[in-house]
Structures are given as C-alpha cells and as structure tokens.
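# Secondary and tertiary structure notes
Each chain is listed here by its residues.
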Amino acid sequence: LSLHAKDGMPRASLRVSSDGWPILSLWHKRVLHAALGSGRYGSARLVLTDKDGRLRATLQTAADGSPSLTLKDKDDRTRAAFKVIADGSPLLTLFDAKGTVIWQAPR
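These figures come from a predicted structure and were not determined experimentally. (Residues numbered from 1 in each chain as written. Predicted model: local features only at pLDDT ≥ 70, side-chain atom pairs only at ≥ 80, totals over all residues. Heavy atoms only, no water.)

### Regarding the pairing of strand E7 (residues 67–72)
Applied cut-off: Strands are labelled as partners when DSSP assigns at least two bridges between them. Counting from the N terminus, the helices are DSSP H or I runs at least four residues long and the strands are E runs at least two residues long.
Both strand E6 (residues 55–61) and E7 contribute to a ladder of 5 bridges, which runs antiparallel. In the strand pairing of E7, Thr-61 is matched with Pro-67. With antiparallel pairing between neighbouring strands as the criterion, E6 and E7 make up a hairpin whose turn holds 5 residues, including Gly-65 at a positive phi of roughly 90°. Counted along the chain from E7 to the antiparallel partner strand E8 (residues 78–84), the turn is 5 residues long, and its residue Asp-76 has a positive phi close to 65°.

### Brief notes about the sheet that holds strand E1 (residues 2–4)
As a reminder, the rule being used: Note on geometry: axes are lines fitted to C-alpha atoms, helical ones only across the stretch in contact, with angles between N-to-C directions running from 0 to 180 degrees.
The sheet built from 10 strands is open, its strands ordered E1-E2-E3-E4-E5-E6-E7-E8-E9-E10 with antiparallel pairing. Bordering the open sheet on either side are E1 and strand E10 (101–105), each of which pairs with just one other strand. Each strand of the sheet is rotated relative to its neighbour by a mean of 10°, with strand direction disregarded. Where strand E3 (residues 22–28) meets strand E4 (residues 31–38), 6 bridges bridge the pair, whose relative direction is antiparallel. Across the sheet, the residue bridging to Ile-23 is Gly-37, located in E4.

See below:
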C-alpha cells in the first residue's frame with residue numbers, strides 16, 4: 001500500500017518484507033526518512049535518516065525485549081550507542097570517528 005502526494009511523490013508505504021515482516025515507511029521528496037518494522041521473535045525497529053537519506057538513528061528492541069539506541073554520523077559511523085541489556089543493566093558507549101571507544105559507562 002503506497003500513498004503519494006499530488007505531484008506523484010511517495011509519502012508513505014506499508015508493505016511486508018520478503019521474509020514476512022511488516023514495514024511502515026515515510027518519505028519526503030523521494031528520500032526515505034523513517035521506517036518502522038516488526039521482526040522475528042517480537043523484535044521491533046525504528047530507523048531515521050537525514051535529508052539525504054543517510055541512516056542517522058536506530059531505536060530497536062531485541063527478541064528478549066532489550067532496547068537499544070544507536071546514533072551515527074553523516075559518514076555512517078556509529079558515534080553513540082545506548083543499551084539496556086537483558087539483566088536490566090544500562091550500557092552507554094561513545095565512539096570517535098575511527099570507531100574507537102572513547103568513553104563507556106559502566107566501565
């Protein structure tokens with residue numbers, strides 16, 4: 001199912017992926033800006049892109065319900081990651097432009 005603006009540009013779509021999971025996508029000027037999907041074992045994922053369609057943020061849950069948030073720079077490098085692991089403990093990690101961990105809590 002696709003929704004288009006008067007000018008024919010896609011704005012939203014609801015589809016089922018090739019492996020059978022639903023995906024809701026939101027578009028602006030032919031650029032995907034947000035997608036929300038459900039996956040195997042009850043996991044879910046929300047991805048957000050910038051104006052050029054580059055992935056910038058992902059919020060997701062794992063099969064065990066553990067949430068995580070990942071933030072990327074314009075060059076698709078992970079710069080920050082926050083997780084709550086299965087036992088309920090938080091983990092925050094910051095990375096430099098080369099992917100090296102520059103700070104983590106707890107240590």
